[in-house]
Amino acid sequence: MYPFIQVIQEKKVLVSDGGWGTFLVQKGLQAGECPELWCVEHPDAVREVASMYVAAGADIVMTNSFGGSVFKLAHFGLESRVNELNMAAASLSRQAAGDTAFVMASIGPTGKILMMGDVTETALYEAFKTQALALEQGGADAIIVETMTALDEGCIGVRAAKENTQLPVISSFTYDTKTPQGYRTMMGVSPTQMAEAALDAGADVLGANCSLGSDEMLEIVQELRTVTSDTPVLVHPNAGRPIQKQNGSITYPETPEIMAGNVIALVEAGANIIGGCCGSGPAHIHAIREVVDTLL
């Protein structure tokens, strides 16, 4: 059994980290810059983001590799540096995590749509395979194929990581639309559809991230649990749905206390890994940590 999965089963609930982008911007990342390039040009800044989450009590830290596919890096003329940047991303989080936390390496959407003919299945598979192998070589403990909206792309990512690395793989979709039948991704995928397809593709953990606040994630967890009772479930909610002010700035309504206040309900619904996404930071993770500690 993977140590990552074994610890989940033994400890029941692990605390993951929160958002990264805001903190990289605070450290100087400019609009239009490639965040992944910072892994080699500003490694200390990237390592510090992971380190602050470890200090806040996270059992799991992510990597600065969300846009590390060949397709995303090509926008910056960096398509030849996929291996270098992803290895660096995993290595920096590994250094921050030490032997006290797991590194869950991030693979995000490619921006290509299979049904539109933007890309072939083979090309997608190879892109995900290359990224996953580099993240494994950099020291990751697990791979999370996250913020997916299309079933075909998400499952190809899971399969590529599962078939070509020795790491457990998490499938995490983002549900931004509430319909009379329940939550759906922008491509119309339900949590049930995701769970069934992702498990068939080899996912070891199922999850949801971004778009929804921590209270809204409760329904997602409940639906995932109708598909499987024993597969670990991850939730990385936003700190509430984003609110855009008149000046264009974005704020998030969930304070650390509000987010932490939903932890017990999420755990009771079946969540095994709880962290944050956009709008969340070390204070949110520390507050979640304090609640989780009362459950152990």
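Scroll up to find the structure.
Described below are features of the structure shown in this document. Bear in mind that the values here come from a model prediction, so they are computed numbers and not experimental data. (Residues numbered from 1 in each chain as written. Predicted model: local features only at pLDDT ≥ 70, side-chain atom pairs only at ≥ 80, totals over all residues. Heavy atoms only, no water.)

Regarding the packing of aromatic side chains
- What the rule picks out here adds up to 2 aromatic pairs.
- Plain terms: the ring middles of Phe 4 and Phe 102 are 5.3 Å apart, the flat faces sit at 80 degrees to each other, and that makes the pair edge-to-face. Taken together, the residues Phe 4 in helix 1 (residues 3-11) and Phe 102 in strand 3 (residues 102-107) connect sequence positions 98 residues apart.
- Here Phe 4 falls in the buried class, since its relative accessible area comes to 1%.
- Residue classification places Phe 102 among the buried positions, given a relative accessible area of 16%.
- Here Phe 23 and Tyr 53 contribute two aromatic rings whose centre-to-centre distance is 6.4 Å and whose plane-to-plane angle is 90 degrees, an arrangement assigned as edge-to-face. With Phe 23 in helix 2 (residues 21-26) and Tyr 53 in helix 4 (residues 43-56), this residue pair connects regions lying 30 residues apart in the sequence. (Phe/Tyr/Trp six-rings, centres within 6.5 Å; stacked < 30°, edge-to-face > 60°. Helix = DSSP H or I, 4+ residues; strand = E, 2+ residues; numbered from the N terminus. Buried < 20%, exposed > 50% of the residue type's maximum accessible area, 1.4 Å probe, protein only.)

A look at a nonpolar patch on the surface
- Taken together, the side chains of Ile 113, Met 115, Met 116, Met 186 and Met 187 make up a nonpolar region of the molecular surface, amounting to roughly 560 Å² of accessible area.
- As for its placement among the helices and strands, Met 116 is situated in the loop between strand 3 and helix 7 (121-137). (Patch = residues over 30% accessible without salt bridge, like charges linked within 9 Å, V, L, I, M, F, W, Y side chains within 5 Å. Areas by Shrake-Rupley, 256 points an atom, 1.4 Å probe, with all protein chains shown as cover. Salt bridge = Lys/Arg side-chain N within 4 Å of Asp/Glu carboxyl O.)

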